[in-house]
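Observations on the model geometry
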Amino acid sequence: MDVMRGLGERGKEAGLSGVDNLLLHFTPFEEDWSKLPVIVKGEGCYVTDERGNRYIDGLAGLFTTQVGHGREELARVAAQQIKELGFFPNWSFQHPRSLELAKKLSEIAPGDLSATFFVNSGSEAVETVIKLARQYHKANGEPQRYKFISRKIAYHGTTMGALSVTGLPGFKAPFEPLPGGFYHVANTYQDPEGAAEAIEEAIEFGPPETVAAVILEPVQNAGGCLVPPPDYWKRVREICDKHGVLLVSDAVICAFGRLGEWFGIERFDVVPDMTSFAKGVTSGYLPMGGVVVSEKVQNTLRSGAPMFSHGSTFGGHPVSSAVALENIAIIEREKLLENVHNLEDYFGSELKRMAEGHPIVADVRGMGFFWAVELRPERPDGTPLEGDEYRRYFKGVLSRKLLEGGLICRFDDKDEPVIQYSPALIADREVLSKIAEITDSALTELERELGYRS
Ligand SMILES: Cc1ncc(COP(=O)(O)O)c(C=O)c1O
């Protein structure tokens with residue numbers, strides 16, 4: 001498959017231009033952007049580029065397209081809603097679709113999470129969490145609680161508040177100074193046994209009466225699907241309760257079936273005080289994010305503050321809300337949560353079986369349809385791969401071979417190098433085993449080039 005010819009030439013053939021006019025997100029300037037595929041069509045678990053090459057979308061766009069691509073039902077409800085009421089805000093007004101969606105979310109969210117504030121993205125959802133937590137404590141008579149604790153390496157978004165929650169110093173450096181009051185502790189990969197206690201230590205150091213909230217993903221994405229030890233979340237819940245600190249689940253990736261449950265956190269049998277969401281709520285067909293809050297948070301705000309002083313023109317957009325309702329209905333109708341539960345072990349075992357033949361693989365881990373293969377960044381004799389060499393082999397050879405094999409997934413190295421997978425929740429055994437098979441070939445090629453095999 002010839003995916004790496006320059007877009008300059010390919011683009012011209014396909015009648016596309018604009019490569020010098022579009023600034024890409026998180027894409028190094030040193031890469032030749034004209035060589036990146038132009039994705040023109042999507043269908044189920046597959047996408048097609050402008051030359052007709054078909055790929056398995058092994059990342060569901062960006063951990064997003066839960067029900068797969070090309071859904072007529074979503075097109076139909078969006079068109080219908082545009083005709084009925086194309087736009088109206090949630091500022092001092094209501095409209096049927098955001099009311100219905102908020103009601104539905106309260107039914108499927110765990111415990112007493114029962115009221116939703118809608119925004120348009122995951123970053124805005126995390127931004128909203130920060131404001132909700134600070135205003136909650138003010139309304140609750142503890143205005144000095146303003147600090148947040150999250151985990152190292154964790155990614156929580158790009159707006160200034162969400163970026164402050166993010167535990168990746170390299171992502172923040174270009175934009176400093178950031179707002180103060182954000183602290184980062186060991187994640188469950190760095191310190192599996194001590195990670196919960198690290199949160200308590202940070203709260204105690206706070207001191208506790210200054211700490212507003214702890215913000216964690218159910219399974220941390222950055223670093224490669226960091227599934228926590230079984231008792232981690234319960235312990236963190238106890239610690240937060242002991243110190244009067246709110247516990248927030250950032251479920252921007254983990255919700256809407258990614259872990260086989262509606263909000264992901266159900267896998268750990270804990271009810272947080274708030275959960276953020278975005279991505280999968282509409283399967284990405286239209287932008288939407290939000291925060292579902294507990295009765296305690298809602299009641300305290302309603303009784304102790306004149307209003308929640310936050311808003312966004314498009315929050316709860318009627319067309320996004322209509323699409324989200326239908327997306328949730330599809331997940332229910334087609335029993336996609338069950339599909340993830342039924343096939344998660346199969347997916348994991350296919351990846352693990354594949355990894356057995358590859359000395360470069362250090363670990364395979366994950367949950368639901370959210371898995372990562374960790375690689376050793378070294379030659380067979382243990383010499384570390386660094387700088388240009390590292391980039392040539394991992395970002396060059398590996399990423400190219402995966403793509404040429406017909407798989408879109410993600411090579412990521414926010415911590416150790418990992419290949420990340422997050423297919424649509426409609427994926428069947430054939431798609432899941434094909435993902436492992438294409439990875440197998442790409443790793444074989446990488447190992448050959450690095451001298452692991454002849
Ligand atoms: C856990 C988490 N929170 C927040 C965000 C930010 O979401 P968005 O890109 O929609 O702003 C992301 C994005 O991947 C995420 O993974």
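Let me sum up the structure you'll find in this document. Quick caveat, the model's predicted, so the values are computed rather than measured.

Attention now goes to unusual backbone geometry. Cis geometry marks the peptide bond from Glu-176 to Pro-177, where omega comes out at 5°. Along the chain, the position of Pro-177 falls in the loop between α7 (169–172) and β6 (182–185). With omega at -5°, the peptide bond leading from Gly-206 into Pro-207 counts as cis. With respect to the secondary-structure elements, Pro-207 resides in the loop between α8 (195–205) and β7 (211–216). With a phi angle near 45°, Phe-26 is a residue other than glycine that sits in the positive phi range. As for its position among the elements, Phe-26 is in the loop between α1 (7–13) and β1 (39–43). Judged by relative accessible area, Phe-26 falls into the exposed class, the value being 59%. A positive phi angle is found at Phe-63, which is not glycine, with a value near 60°. Checked against the element boundaries, Phe-63 lands in helix α2 (residues 60–63).

If you trace the 4 strands from one edge of the open sheet to the other, you get β1-β2-β3-β13, paired in mixed fashion. Two strands in the sheet have a free side with no partner beyond their single neighbour: β1 and β13 (407–408). Where β1 meets strand β2 (residues 46–49), 4 bridges bridge the pair, whose relative direction is antiparallel. For Lys-41, the partnering residue across the bridge sits in β2 and is Thr-48. Strands in contact with helix α14 (residues 429–450) are β2, β3 (54–57) and β13; relative to β3, the strand with the most contacts, it is inclined by about 110°.

An ideal rise of 1.5 Å per residue puts 26 Å on 18 residues; helix α13 (residues 387–404) measures up with 24 Å between its terminal C-alpha atoms. Residues Tyr-390, Tyr-393, Phe-394, Val-397, Leu-398, Leu-402 and Leu-403 constitute the buried set of α13. Buried positions along α13 lie against β3, β12 (370–375), β13, β14 (410–412), β15 (418–421) and α14. Downstream of α13 by one or two residues, Gly-406 has phi in the positive range, about 100°.

Pairing is mixed in the open sheet, where 7 strands are placed in the order β4-β10-β9-β8-β7-β5-β6. Strands with a single pairing partner mark the edges of an open sheet, and in this sheet they are β4 (113–119) and β6. Pairs of neighbouring strands in the sheet enclose a mean axial angle of 20°, with direction left out of account. One ladder, built from 4 bridges, connects strand β9 (residues 274–277) with strand β10 (residues 289–294); its direction is antiparallel. Bridging across to β10, Thr-275 finds its partner in Val-292.

Turning next to the pairing of strand β8 (residues 246–250). Within a regular beta strand, the side chains point alternately toward one face of the sheet and then the other, so they alternate between its two faces. The buried fraction of β8 amounts to 5 of the 5 residues, a majority that puts the element mostly inside the structure. Burial of the side chains of β8 extends over both faces: Leu-246, Val-248 and Asp-250 are buried on one face and Leu-247 and Ser-249 on the other. By the bridge criterion, 4 bridges tie β7 to β8 in an arrangement that is parallel. Its bridge partner being in β8, Ile-215 is matched across the sheet by Val-248. Each parallel crossover has a hand, and for β7 linked through helix α9 (residues 232–243) to β8 it is right-handed.

In the vicinity of the ligand, the residues found are Ser-121, Gly-122, Ser-123, Tyr-155, His-156, Gly-157, Glu-217, Asp-250, Val-252, Ile-253 and Lys-279. Gly-122 has a polar backbone atom sitting 2.8 Å from an oxygen atom of the ligand. Taking Asp-250, its side chain carries an N or O atom lying 2.8 Å from a nitrogen atom of the ligand. Taking 390 Å² as the accessible area of the ligand by itself, protein coverage stands at 83%.

Moving on, we come to the environment of Glu-127. Inspection of the secondary structure puts Glu-127 in helix α5 (residues 122–139). We classify Glu-127 as partly exposed; its relative accessible area is 22%.

Here we take up the side chain of Glu-350. Along the polypeptide, Glu-350 turns up in helix α12 (residues 336–356). With relative accessibility at 10%, the residue Glu-350 sits in the buried group. Only 2.7 Å separates the side chain of Glu-350 from the side chain of Arg-353, close enough to count as a polar contact. Dropping the residues within four chain positions of it, Glu-350 is found in contact with Ser-433 and Ala-436.

Following both chains from N to C, one finds α12 and α14 inclined at 20°, their axes separated by 9 Å at the closest point. It follows that α12 is roughly parallel to α14 by the angle criterion. At the point where α12 passes α14, the crossing takes the right-handed sense. Taken together, the residues of α14 that come into contact with α12 (itself represented by Leu-343, Tyr-346, Phe-347, Glu-350, Leu-351 and Met-354) are Arg-429, Leu-432, Ser-433, Ile-435, Ala-436, Thr-439, Asp-440 and Leu-443. Of the residues contributing to the contact of α12 with α14, the split by class is 9 nonpolar, 2 polar and 3 charged.

This next bit is on the packing of α13 against α14. Running from amino to carboxyl end, α13 crosses α14 at an angle of 145°, the nearest separation of the two axes being 8 Å. Of the two possible hands of crossing, α13 and α14 adopt the one that is right-handed. Mapping the contact onto sequence places Tyr-393, Phe-394, Val-397, Leu-398, Lys-401 and Leu-402 in α13 and Ile-438, Thr-439, Ala-442, Leu-443, Glu-445, Leu-446, Glu-449 and Leu-450 in α14. Here the contact of α13 with α14 is composed, by residue class, of 10 nonpolar, 1 polar and 3 charged.

Glancing now at the side chain of Lys-172. In this structure, Lys-172 sits in helix α7. Look at Lys-172: it is buried, it has no salt bridge, and the nearest opposite charge is Glu-176 at 6.9 Å. Sequence-distant contacts of Lys-172, defined by excluding residues within four places in its chain, comprise Leu-163, Ser-164, Thr-166, Leu-178 and His-184.

Calculation rules
Residues numbered from 1 in each chain as written. Predicted model: local features only at pLDDT ≥ 70, side-chain atom pairs only at ≥ 80, totals over all residues. Heavy atoms only, no water. Helix = DSSP H or I, 4+ residues; strand = E, 2+ residues; numbered from the N terminus. Buried < 20%, exposed > 50% of the residue type's maximum accessible area, 1.4 Å probe, protein only. Pairing = 2+ DSSP bridges. Contact = heavy atoms within 4.5 Å. Axes fitted to C-alpha atoms, helices over the stretch in contact; angles between N-to-C directions. Expected span 1.5 Å × (residues − 1). Right-handed = clockwise from strand over helix to strand, strands pointing away. Near = heavy atom within 4 Å. Polar contact = N/O pair within 3.5 Å; in protein donor to acceptor, adjacent residues only side chain to side chain. Areas by Shrake-Rupley, 256 points an atom, 1.4 Å probe, with all protein chains shown as cover. Parallel < 35°, antiparallel > 145°, perpendicular 65-115°, else oblique. Left-handed = near helix turned anticlockwise from the far one by under 90°. Nonpolar A, V, L, I, M, F, W, Y, C, P; charged D, E, K, R; others polar. Lys, Arg positive; Asp, Glu negative; His and termini not counted. Salt bridge = Lys/Arg side-chain N within 4 Å of Asp/Glu carboxyl O.

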